[in-house]
Amino acid sequence: MTIRTVETKPFEGQKPGTSGLRKKVVVFQQPNYLENFVQSIFESLEGFRGQTLVLGGDGRFYNRHAVQVILRMAAANGFGRVLVGRGGILSTPAASCVIRKYGAFGGIVLSASHNPGGPQEDFGIKYNIGNGGPAPEKVTEAIHARSRAIEFYTTLEADDVDLDRQGTVQVGDMTVEVIDPVADYAELMETLFDFDAIAEMFATGEFRMCYDAMHAVTGPYAVEILERRLGAPGGTVINGVPLEDFGGHHPDPNLAHAKKLVEIVNAADGPDFGAASDGDGDRNMIIGHRFYVTPSDSLAVIAANAALAPGYKDGLAGIARSMPTSQAADRVARDLGIPCFETPTGWKFFGTLLDAGKATVCGEESFGTGSDHVREKDGLWAVLMWLNIIARRRDSVAEIVRAHWRRYGRNIYSRHDYEGLETDAAEGLMDHLRKATGSLPGQRFGYYEVEKSDDFSYTDPVDGSTSSGQGVRVLFNHGSRIVYRLSGTGTEGATLRVYIERFEPDETRHDMDPQQALADLIDIARELAEIGPRTGRDAPTVIT
Ligand code: G1P
Ligand code: ZN
């Protein structure tokens, strides 16, 4: 087969964001756009000749086409073998699992996560390194730099691979193995959790759950694990067939986008436990009957109870959370006598801590939880961890969380998103806040006094790398906080995220609605950032 070198010109803006390169499908469909980025990835790597690459995605529109393009380019660029999920499918955590299990050089995951899919919607591509985790910034920066200078890419003249047939084929000198996308991942889950205890709980018929796969990648994983291996009744998994456009929905597991699930679980005779995952399977939402668990609380509860799961029976080395995630996990860490690391937003910052054995579980307020079993956040992992905890504690979700608050106090928390802002207005607002940080300490706002304010900067305790400009923090007395940052994953305009938190030790106030409990801080947050005058918005678009 002939290797072809194709002349090309750089595209503007091939800069990976919080999690890979995400653009509208039509942007990816421009001639050479995908090829340029893939070539830039390969040219930023060293020593992959003859090595293994893992490849798969969340099944959204353009996934299959991209897989074929990448297979030909990987062969032309000298990879020895590619492991690709059947149908071009691999959830993000499963890709991480496969990279690690087979000692691959790295992996390419095709996904725009929770963003909608379809011809008019989003597509994305991210590179993961040999530890199974997202490429660190020095790699993503190198990819961006390459993409700005690219002149050629190389590909092979070869036919498409039949992605639906498991087995091994050759593409030029490279071997392509089409693998079962679920098996390795399901096997790993069995080593971590008490499948017998969970299966027994389902077998009684008294415990019922509903899992919403949102027509995204986790459908086949959830059916295999929950219904086949754990014996949950058929129909426990809803929206279980992955669709290229996710059925026209937004595959984001939160109260706004998983409405149907919330309705089912909150019905008078609704199930005890509800859960959902996003487009590529790395996010999770956990709800009990008429009880919503915030992701920050979920992380803290998981950390406090992890030892109930066989894979974590010896305890945790440490906990890591992204900076805007609530400080509930810090209280658990203090109680367990283990460190709690505070990293910038994005899973990639957990990689070094997990590799060095400094942290065992990690989480983000954005519906992301996971552990050192892979190097990505993992939606189904969180669901299984909750099932394991419920099976062992024999308590409802609500009671488990309330008991947690009674013991540790409650970090009342909410995130307000202002989406689709004009980029200039959003950047102006952040500039204004950054300038204000110097004069804020000591200022009083009613009950709250500013103790410290800065633009968060992080130095990785393992590799010493520094990441600055990671969000403006306003830290008040009594552990209250407001954090502001701009999203790094959006594909339209700018999104301002405002994170609001207050600590409530008083048990009699634990059942308060967060929007009410945080009302005065929410006002302060709007006022400090001049949100109304600068953006013209009098309310957030999404509240989680
Ligand atoms: C968002 C979340 C962040 C998460 C990322 C990828 O990024 O806030 O925690 O890691 O998606 O799922 P953002 O859009 O805020 O940059
Ligand atoms: Zn995702």
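Residues numbered from 1 in each chain as written. Chains lettered and ligands numbered in written order. Predicted model: local features only at pLDDT ≥ 70, side-chain atom pairs only at ≥ 80, totals over all residues. Heavy atoms only, no water.

Engineer: Hey, could you go over the site of ligand 1 for me, with residue numbers and the actual values?
Structural biologist: Near ligand 1 lie 14 residues; those nearest to it are Ser-366, Ser-487, Gly-488, Thr-489 and Arg-497. At 2.6 Å from an oxygen atom of ligand 1 is found a side-chain nitrogen or oxygen belonging to Arg-497. About the coverage of ligand 1: the protein hides 98% of its 380 Å² of free accessible area. Residue composition of the shell around ligand 1, grouped by class: no nonpolar, seven polar and seven charged. (Near = heavy atom within 4 Å. Polar contact = N/O pair within 3.5 Å; in protein donor to acceptor, adjacent residues only side chain to side chain. Areas by Shrake-Rupley, 256 points an atom, 1.4 Å probe, with all protein chains shown as cover. Nonpolar A, V, L, I, M, F, W, Y, C, P; charged D, E, K, R; others polar.)

Engineer: With reference to specific residues and values, describe the sheet that holds strand S15 (residues 319–322).
Structural biologist: Here four strands make up an open sheet; going across it, the order is S16-S15-S17-S18 and the pairing mixed. Only two strands of the sheet have a single partner each, and these edge strands are strand S16 (340–343) and strand S18 (368–371). Averaged over all pairs of adjacent strands, the angle between strand axes in this sheet comes to 15°, irrespective of strand direction. As paired strands, S15 and strand S17 (residues 361–364) are joined by three bridges and run parallel to one another. Paired with Arg-321 across the bridge in S17 is Gly-363. Relative to the sheet, helix H11 (residues 328–336) contacts S15 and S16, its axis offset from that of S15 by approximately 165°. (Pairing = 2+ DSSP bridges. Helix = DSSP H or I, 4+ residues; strand = E, 2+ residues; numbered from the N terminus. Axes fitted to C-alpha atoms, helices over the stretch in contact; angles between N-to-C directions. Contact = heavy atoms within 4.5 Å.)

Engineer: Give a detailed account of the packing of aromatic side chains, specifying residues and quantitative values.
Structural biologist: Summed over the entire model, instances satisfying the criterion amount to 21 aromatic pairs. Judged by centre distance (6.0 Å) and plane angle (40°), the ring pair of Phe-291 and Trp-405 falls under tilted. Residue Phe-291 is located in strand S14 (residues 291–293), and its partner Trp-405 is located in helix H14 (residues 397–408); the two are separated by 114 residues in the primary sequence. With 6.5 Å between their ring centres and 90° between their planes, Phe-445 and Phe-476 make a pair best called edge-to-face. Residue Phe-445 is found in strand S20 (residues 444–445), and its partner Phe-476 is found in strand S24 (residues 472–476); the two are separated by 31 residues along the sequence. The class for Phe-445 is buried, based on a relative accessible area of 15%. By relative accessible area, Phe-476 is classed as buried at 2%. (Phe/Tyr/Trp six-rings, centres within 6.5 Å; stacked < 30°, edge-to-face > 60°. Buried < 20%, exposed > 50% of the residue type's maximum accessible area, 1.4 Å probe, protein only.)

Engineer: Account for the environment of Val-223, naming residues and giving values.
Structural biologist: Mapping Val-223 onto the fold places it in helix H8 (residues 218–229). Val-223 sits in the partly exposed class, given a relative accessible area of 21%. Between the C-alpha atoms of Val-223 and Gly-247, which are 24 residues apart in sequence, the distance is 18 Å.

Engineer: Summarise the coordination of the zinc ion (ligand 2); cite the residues concerned and give the values.
Structural biologist: For the zinc ion (ligand 2), the full set of protein donor atoms is Ser-113 (OG), Asp-278 (OD), Asp-280 (OD) and Asp-282 (OD), and the range of their distances to it is 2.0 to 2.1 Å. Around the zinc ion (ligand 2) sit four donor atoms, and with donor-metal-donor angles ranging over 86 to 161° the site reads as irregular. In the primary structure, the donors to the zinc ion (ligand 2) are separated according to the pattern S-x164-D-x1-D-x1-D. Taken as a pair, Ser-113 in the loop between strand S5 (106–110) and strand S6 (122–129) and Asp-282 in the loop between strand S12 (273–277) and strand S13 (284–288) lie far apart in primary sequence, 169 residues in all. Considered together, Ser-113 and Asp-282 belong to a single accessibility category, that of buried residues. (Donors = N, O, S within 2.8 Å, 3.2 Å for Na, K, Ca; no water. Tetrahedral: all angles 85-135°; square planar, octahedral: opposite > 155°, others 65-115°.)

Engineer: Could you give an account of the pairing of strand S25 (residues 481–486), with specific residues and numbers?
Structural biologist: With five of six residues buried, S25 lies mostly within the body of the structure. By the bridge criterion, four bridges tie S24 to S25 in an arrangement that is antiparallel. Residue pairing for S25: Val-472 is matched across the bridge by Tyr-484. Between S24 and S25, which follow one another and run antiparallel, lie four residues, and His-478 among them has a positive phi close to 60°. Across six bridges, the pairing between S25 and strand S26 (residues 494–504) is antiparallel. By the bridge assignment, Leu-486 is partnered in S26 with Leu-496.

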